Structure formats: C-alpha cells, structure tokens
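# Report on the structure
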Amino acid sequence: DTAVSQTPKYLVTQMGNDKSIKCEQNLGHDTMYWYKQDSKKFLKIMFSYNNKELIINETVPNRFSPKSPDKAHLNLHINSLELGDSAVYFCASSLSGPSSNEQFFGPGTRLTVL
Amino acid sequence: GENVEQHPSTLSVQEGDSAVIKCTYSDSASNYFPWYKQELGKGPQLIIDIRSNVGEKKDQRIAVTLNKTAKHFSLHITETQPEDSAVYFCAASKGAGTALIFGKGTTLSVSS
C-alpha cells in the first residue's frame with residue numbers, strides 16, 4: 001500500500017524519558033512534516049523537511065529533534081519528556097512542485113507521558 | 001503569521017440536510033485551502049481543496065467556495081449521511097511544500 005506510516009501507534013512513558021517516533025512514506029514525496037494535535041484537537045506544525053533539509057522549525061522546545069536519514073523517512077526524537085508533551089503526533093508528506101499542494105497524513109502516534 | 005478561524009465548533013444535522021462550515025484567514029499570501037476530515041483514531045484525510053485562482057469547486061456532495069477579497073472559504077456538504085460524522089478541519093498555506101495552518105475544527109454529527 002502506498003501511504004504514510006508511523007510507528008509506534010501508541011507510546012506510554014514516564015516523565016524524563018527519551019523516546020522516538022518513526023515515519024516513512026512510499027509516495028515518492030520530497031517534503032515531510034511533523035504536526036502535533038493537542039487534547040482539544042488543535043493541529044499545529046512543528047517541523048518540515050525538504051530533501052532531508054530542515055525548512056520549518058516552529059517554536060518547539062529543543063528537546064524535540066527531527067532527523068531525516070533520507071527523503072522517505074522523518075523521525076522525531078524527544079528528550080526529557082514532560083507531561084505537556086502528551087498529544088497525538090502526525091507525520092505528513094507532500095511534493096514541493098508548484099502544482100502539488102496536497103499533504104498526506106499518517107495514522108498518528110498517541111504519546112502519553114505519565 | 002497566518003491565522004485561520006473556523007466556525008462553528010460543533011454542528012448537528014439530520015440525515016439528508018446540508019451542512020456548512022466557514023473559515024477565515026488573515027494572510028493574503030495564502031493561496032491553497034484544503035479541507036480535511038478526521039475520523040476517530042485516524043489521521044486527517046483530504047476531502048477537497050481549492051486554490052486561490054478558483055472561486056468554487058465541487059466533488060459530488062461536497063463543495064468549497066473561496067472569497068479572496070473577504071479572505072474566507074466555506075465547505076458545503078449536501079445530503080448528509082451518518083458516515084459524514086467526523087471532525088472537519090480547514091487549513092491555509094502559501095503553496096507546495098509549506099506548512100498547513102489549521103482552523104480549530106468542527107465536529108459534525110449527522111443523526112439518522
């Protein structure tokens with residue numbers, strides 16, 4: 001299946017731990033994103049990578065570090081997890097060409113910090 | 001930066017009725033306006049989009065209208081069905097490869 005996939009789907013961890021979320025797309029896209037959806041369902045951009053280069057870095061704590069080993073993968077590593085990091089994290093991908101705007105979203109990773 | 005306002009936050013309709021969700025944006029440089037549907041436990045899925053050089057677009061029961069002068073765009077769903085029940089998000093962006101700025105979502109409930 002062509003899609004954006006994320007692992008794990010659920011992640012429960014203690015405060016202070018370090019965790020990673022992985023994202024892969026097999027759509028041949030060159031731009032990938034991380035969005036955070038809070039408990040009120042508000043979706044907000046965190047990062048964007050184009051061809052493995054960081055393009056967007058919103059005001060996200062530096063405990064969050066995205067890493068793009070290649071165009072098809074964008075992982076999110078979070079250090080020293082805090083209660084406020086609990087949310088659903090969505091990976092998305094798109095093309096960056098002038099007529100290609102659609103962003104495809106993954107199924108999400110629900111992170112719960114205890 | 002861009003700000004997208006979305007109304008209403010909840011909408012309840014009877015099956016077969018129409019539903020309308022409205023959004024306004026603040027940045028005149030935004031030129032792409034997608035609508036996403038999110039079902040429980042799933043990621044947002046694009047249902048329709050419109051670019052700034054078009055005023056209206058229709059796909060079966062779903063239509064979107066855009067008023068660039070007033071900076072607002074709307075989603076229209078006709079002949080609603082129970083399976084249309086979900087959270088709907090509008091968004092705005094400045095083109096390909098740029099971030100989507102989302103509205104706060106509308107929870108649509110269609111009762112049979």
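The rules we used
Residues numbered from 1 in each chain as written. Chains lettered and ligands numbered in written order. Predicted model: local features only at pLDDT ≥ 70, side-chain atom pairs only at ≥ 80, totals over all residues. Heavy atoms only, no water. Helix = DSSP H or I, 4+ residues; strand = E, 2+ residues; numbered from the N terminus. Rg over C-alpha atoms; globule rule 2.2 N^0.38 Å. Buried < 20%, exposed > 50% of the residue type's maximum accessible area, 1.4 Å probe, protein only. Contact = heavy atoms within 4.5 Å. Areas by Shrake-Rupley, 256 points an atom, 1.4 Å probe, with all protein chains shown as cover. Lys, Arg positive; Asp, Glu negative; His and termini not counted. Charge placed at Lys NZ, Arg CZ, Asp CG, Glu CD. Core = buried A, V, L, I, M, F, W, Y, C linked by side-chain atoms within 4.5 Å. Buried area = accessible area lost by both parts, 1.4 Å probe. Salt bridge = Lys/Arg side-chain N within 4 Å of Asp/Glu carboxyl O. Pairing = 2+ DSSP bridges. Axes fitted to C-alpha atoms, helices over the stretch in contact; angles between N-to-C directions. Phe/Tyr/Trp six-rings, centres within 6.5 Å; stacked < 30°, edge-to-face > 60°.

Glancing now at the overall build of chain B. Within chain B one finds zero helices and 11 strands. Its C-alpha atoms give chain B a radius of gyration of 13 Å, within 12% of the compact-globule value 13 Å for 112 residues. When its C-alpha atoms are laid out on the principal axes, chain B stretches across 40 × 30 × 20 Å. Taking all 112 residues of chain B together, the buried fraction comes to 48%. Pairs at least 24 residues apart make up 52% of the contacts formed inside chain B by residues separated by at least 6 positions. Counting only carbon and sulfur atoms, one obtains 46% of the accessible surface of chain B, whose full area is about 5,400 Å². Taking the 11 positively charged and 12 negatively charged side chains of chain B as two groups, their mean positions are separated by 7 Å.

Counting 24 residues, the largest nonpolar core has Trp35(B), Phe73(B), Leu75(B), Tyr88(B) and Leu108(B) as its most contacted members. At the level of secondary structure, the elements contributing two or more residues to this core comprise β2 (10–14), β3 (19–25), β4 (32–38), β5 (45–51), β7 (62–67), β8 (72–77), β9 (86–92) and β11 (106–111) of chain B. Setting aside anything within four residues of it in sequence, one finds Tyr88(B) in contact with Gln6(B), Ile21(B), Tyr36(B), Lys37(B), Ile47(B), Leu75(B), Ile77(B), Gly105(B), Thr106(B) and Leu108(B). Listed in part, the 20 residues of the second largest apolar core include Phe64(A), Leu74(A), Leu81(A) and Val113(A).

If you look at the interface, chain A gives 24 residues, while chain B gives 20 residues. Across the chain A to chain B interface the summed buried area is about 1,700 Å²; carbon plus sulfur atoms make up 58%. Broken down residue by residue, the surface that chain A buries against chain B is led by Leu43(A), Asn101(A) and Phe105(A), which jointly contribute 33%. In this structure, the connection of chain A to chain B is made through zero salt bridges.

Residue and element names in this part refer to chain A. In spatial order, the strands read β1-β3-β8-β7; together these four strands make up an open sheet with antiparallel pairing. A strand with exactly one partner marks an edge of an open sheet, and here the two such strands are β1 (4–7) and β7 (64–70). Taken pair by pair, the neighbouring strands of this sheet meet at an average axis angle of 20°, ignoring direction. As judged from the four bridges shared by β1 and strand β3 (residues 19–25), these two strands associate in the antiparallel manner. Directly across from glutamine 6, in β3, lies its bridge partner cysteine 23.

Right, let's talk about the packing of aromatic side chains for a bit. Evaluation of the coordinates by the stated rule reveals 13 aromatic pairs over all chains. The interplanar angle of 85° and the centroid separation of 5.7 Å between the aromatic rings of Tyr35(A) and Phe102(B) together place this pair among those described as edge-to-face. Of the two residues, Tyr35(A) sits in strand β4 (residues 31–37) while Phe102(B) sits in strand β10 (residues 101–102), which places them in two different chains. In this pair, the class of Tyr35(A) matches that of Phe102(B), namely buried. With a centroid separation of 6.5 Å and 75° between ring planes, the pair formed by Phe90(A) and Phe105(A) is classed as edge-to-face. A residue pair is termed long-range when its members are at least 10 positions apart, and Phe90(A) in strand β9 (residues 87–94) and Phe105(A) in strand β10 (residues 104–105) qualify at 15 residues.

Scanning the model with the defined rule gives seven salt bridges over all chains in all. Among the salt bridges present, the one from Asp85(A) reaches Arg63(A), with a minimum N-O distance of 2.8 Å. On the criterion of sequence distance, the pair formed by Asp85(A) in the loop between β8 (73–78) and β9 and Arg63(A) in the loop between β6 (53–57) and β7 is long-range, its members being 22 residues apart. With respect to burial, Asp85(A) and Arg63(A) carry one shared label: buried. A salt bridge links Glu39(B) to Lys42(B); its shortest N-O distance comes to 3.6 Å. Classification of Glu39(B) by relative accessible area gives partly exposed; the value is 31%.

The amide bond that connects Thr7(A) to the next residue, Pro8(A), takes the cis arrangement and shows omega of -5°. Relative to the assigned elements, Pro8(A) resides in the loop between β1 and β2 (10–13). In this model, His7(B) is joined to Pro8(B) through a cis peptide bond whose omega is -5°. The topology assignment puts Pro8(B) in the loop between β1 (4–7) and β2. Here Lys71(B), not a glycine, exhibits a phi torsion of approximately 55°, which is positive. Inspection of the secondary structure assignment puts Lys71(B) in the loop between β7 and β8.

None of the figures reported here should be taken as evidence of function without further support.
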